[in-house]
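Coordinate inspection notes
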Amino acid sequence: MNDLQSVLHPAGADAAIIHQFTWVLFVGGTLIFVFVMALLTLAMRRQARPIRPAIWIFGAGIAFPVVVLTTLLAWSTWRSAQLAPQTSHDAMTISVTGKMWWWEVRYRDPATNREIITANEIHIPVGESVYLGMTASDVIHSLWVPALAGKRDMIPGRVTGLTLRADKAGVYRGQCAEYCGEQHARMAFHVIALPRPEFDAWLARQAQPALPADTTVLQRGREAFLAQQCQACHTIRGVTDVPPFSEQARIADTSRLGPDLTHVGSRREIAAGTLRNHRGTLAGWIADPQAIKPGVFMPPSQDLDGETLRALATYLEHLK
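Small disclaimer: the values here were computed from a predicted structure and weren't measured.

1. What to know about the pairing of strand β5 (residues 121-125)
- The buried count for β5 comes to five of five residues, which makes it a mostly enclosed element.
- Sheet topology places β5 next to strand β11 (residues 188-194); five bridges connect them, and they run parallel. Counterpart to Ile122 in the pairing with β11 is Val191.

Listed below in structure tokens is the structure:
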């Protein structure tokens, strides 16, 4: 499966409409330009029988633009009405929060009704409309998946909505489309469309706590995670838990700066699409994220010795 980020390769109904809009308006604009240039050439030529001014004014200046532009307006109005309504009624709802510079994604576990929190990937079932309830925690962001739908701004203090539908299974790359600071260009994500049984199985796995550290290396990595106070910004369910519904849990949920890492090893990429996810890139990111993505809020961990760093990266890779 290729990562598609192109308006020219629609994989959803809304993207197909936008794709059609693009070509109709592009071709229409080109034909209008050619016709106007032809009229200009004709007007500049010396003719034995000049065209009367009334024909130029009422024909080329009034009738032509009125007919053509009215036709395009009527067609675009009719076609745009066929875009999916931005409503959460009768649609699966996923919450997405834009942050500097990554994406927090929240699902509702159908078995327990508790939230499942992940980052930088939006999994959806194929052939079903999914409503994204979107906001931002800091500055204005904009979520755009060109192969599936149009873009929608994410505004702090407000919730906006976007309906996604993927007609075929695949991995579709998205991007923040609103300049949001130094690392705006490295604020990507993926929409992963799965058949419904595979999506249900994925969601059930995501609802589970982190896998236990059952080897010496993994235990050392887990201990390094806690010793470095990584839990101040990140959560690993089953490792950094606090009593549910407590004031401590509320503060932890609202003040969390970094992504939930409970199943970080299962994600395709880290740092919001900046690096492929494997042990080596995890170690490099932990050691000095500023060298990879300058301006991020995560500090370097240059005091870790090589063996401990590798153990920590191995532990995170193990969390699938």
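Read on for the rest.
2. A closer look at the nonpolar core
- In terms of nonpolar packing, the biggest core is built from 63 residues, with Ile122, Leu143 and Leu316 touching the most fellow members.
- Counting residues domain by domain, this core receives three or more from each of domain 2 (92-207) and domain 3 (216-318).
- Every residue in contact with Leu143, bar those within four places of it in the chain, is listed here: Val96, Trp103, Ile122, Leu132, Met134, Gly150, Lys151, Arg152, Met154, Leu162, Gln175 and Phe189.

3. Examining the state of the cysteines
- Evaluation of the coordinates by the stated rule reveals zero disulfides.
- For Cys176, which is in no disulfide, the shortest distance to another cysteine sulfur is to Cys180 and amounts to 3.9 Å.
- Taking relative accessible area as the criterion, Cys176 reaches 2% and is therefore assigned buried.
- Cysteine Cys230 shares no disulfide, and the gap to the nearest cysteine sulfur, in Cys233, comes to 8.5 Å.

4. Some points on the packing of helix α6 (residues 279-287) against helix α8 (residues 306-318)
- Closest axis-to-axis distance for the α6/α8 pair is 8 Å, and the angle between their directions is 120 degrees. Here α8 runs oblique to α6, going by the angle between their axes. Seen from above, α6 lies across α8 with right-handed handedness. For the pair α6 and α8, contact is made by Arg279, Leu282, Ala283, Ile286 and Ala287 and by Leu309, Leu312, Ala313, Thr314, Leu316 and Glu317, respectively.
- Split into classes, the residues belonging to the contact of α6 with α8 amount to eight nonpolar, one polar and two charged.

5. Notes on the domain arrangement of the protein chain
- When the domains of the protein chain are assigned, the result is domain 1 (13-81), domain 2 (92-207) and domain 3 (216-318).
- For domain 2 versus domain 3, the distance between C-alpha centres works out to 21 Å.
- Buried surface at the junction of domain 2 and domain 3, both sides included, amounts to about 1,900 Å², of which 47% is carbon and sulfur.
- Applying the counting rule to domain 2 against domain 3 returns zero salt bridges.
- The interface formed by domain 2 and domain 3 includes ten residue pairs in polar contact (both at pLDDT 80 or more).
- If one sorts the elements of the side of domain 2 that touches domain 3 by residue count, strand β4 (residues 115-119) sits on top with four residues.
- A class-by-class count of the residues in the side of domain 2 that touches domain 3 yields eleven nonpolar, five polar and seven charged.

Conventions we followed
- Residues numbered from 1 in each chain as written.
- Predicted model: local features only at pLDDT ≥ 70, side-chain atom pairs only at ≥ 80, totals over all residues.
- Heavy atoms only, no water.
- Buried < 20%, exposed > 50% of the residue type's maximum accessible area, 1.4 Å probe, protein only.
- Helix = DSSP H or I, 4+ residues; strand = E, 2+ residues; numbered from the N terminus.
- Pairing = 2+ DSSP bridges.
- Core = buried A, V, L, I, M, F, W, Y, C linked by side-chain atoms within 4.5 Å.
- Domains from an automatic or database assignment.
- Contact = heavy atoms within 4.5 Å.
- Disulfide = S-S within 2.5 Å.
- Axes fitted to C-alpha atoms, helices over the stretch in contact; angles between N-to-C directions.
- Parallel < 35°, antiparallel > 145°, perpendicular 65-115°, else oblique.
- Left-handed = near helix turned anticlockwise from the far one by under 90°.
- Nonpolar A, V, L, I, M, F, W, Y, C, P; charged D, E, K, R; others polar.
- Buried area = accessible area lost by both parts, 1.4 Å probe.
- Salt bridge = Lys/Arg side-chain N within 4 Å of Asp/Glu carboxyl O.
- Polar contact = N/O pair within 3.5 Å; in protein donor to acceptor, adjacent residues only side chain to side chain.

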